[in-house]
Amino acid sequence: MKKKKNIAIVAHDNRKKDIIEWVSFNWMELVQHNLICTGTTGKLVEETLAFKCLENSVVPPTVTRLKSGPLGGDQQLGALIVNGEVDILIFFWDPMQPQPHDVDVKALLRITVLYNIPTASNRSTADFIVSSSLFHESYQPIVKDYAGYITREVDVT
Ligand SMILES: O=C(CO)COP(=O)(O)O
């Protein structure tokens, strides 16, 4: 991943207040990168950054907004990760309430492990990521070699 990263930011409804506080606190770090969000989170992130940037006379970043999570946003994000278009995922998911698209959430989290994407599910991890010296440096995550899996013999008899 390059110095300027593609950072995905997502939050379930009960965690949106937390993500907005976190984005508001870390706006200066975040505006140096490309931001991708699921629909509703993206609207809030965009508004928060627009306000902070206006206050500080900084040009606000464009926030790419995908579909809302329950409408396929998590799956879109998963596909972007598979294509190598997301470097970091900040995903404040709700540990207290089941979601209509729980399977999509699980799939997204699985893909982040498969592709070794730094992922924060809570604020302290997000703080560690944003304050890491690697946050503004290039970095090559090591992805496990799945060649053996792709070339395996499948018994179809
Ligand atoms: O449900 C979500 C992630 O699973 C988030 O979707 P929204 O950002 O559209 O609320």
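Scope of this entry: the structure provided in the associated data block.

The rules behind these values
Residues numbered from 1 in each chain as written. Predicted model: local features only at pLDDT ≥ 70, side-chain atom pairs only at ≥ 80, totals over all residues. Heavy atoms only, no water. Helix = DSSP H or I, 4+ residues; strand = E, 2+ residues; numbered from the N terminus. Expected span 1.5 Å × (residues − 1). Buried < 20%, exposed > 50% of the residue type's maximum accessible area, 1.4 Å probe, protein only. Arc of directions from axis to C-beta. Contact = heavy atoms within 4.5 Å. Near = heavy atom within 4 Å. Polar contact = N/O pair within 3.5 Å; in protein donor to acceptor, adjacent residues only side chain to side chain. Nonpolar A, V, L, I, M, F, W, Y, C, P; charged D, E, K, R; others polar.

Some points on helix H5 (residues 102-114)
For step 1, the next point in the chain: With 13 residues, H5 should reach 18 Å at 1.5 Å per residue; the first-to-last C-alpha distance of 18 Å fits that figure.
For step 2, the next point in the chain: Turning to H5, its buried residues number three or more, namely Asp104, Val105, Leu108, Ile111 and Thr112. Projected onto a plane normal to the axis of H5, the buried residues spread over an arc of 125° and lie on a single side. Away from the buried face of H5 by more than 90 degrees, exposed residues Val103, Lys106, Arg110 and Val113 are located.
For step 3, the next point in the chain: Along its buried surface, H5 packs onto helix H4 (73-82), strand E4 (88-92) and strand E5 (119-120).

Some thoughts on the site of the ligand
For step 1, the next point in the chain: Lining the immediate surroundings of the ligand are 16 residues, of which Lys16, Thr38, Thr41, Ser68 and Asp74 lie closest.
For step 2, the next point in the chain: Thr38 places a side-chain nitrogen or oxygen 2.6 Å from an oxygen atom of the ligand.
For step 3, the next point in the chain: The separation between an oxygen atom of the ligand and a polar side-chain atom of Asp74 is 2.7 Å.
For step 4, the next point in the chain: The biggest single contributor to the shell around the ligand is helix H3 (residues 39-55), with three residues.
For step 5, the next point in the chain: Among the residues forming the shell around the ligand, the class breakdown is five nonpolar, eight polar and three charged.

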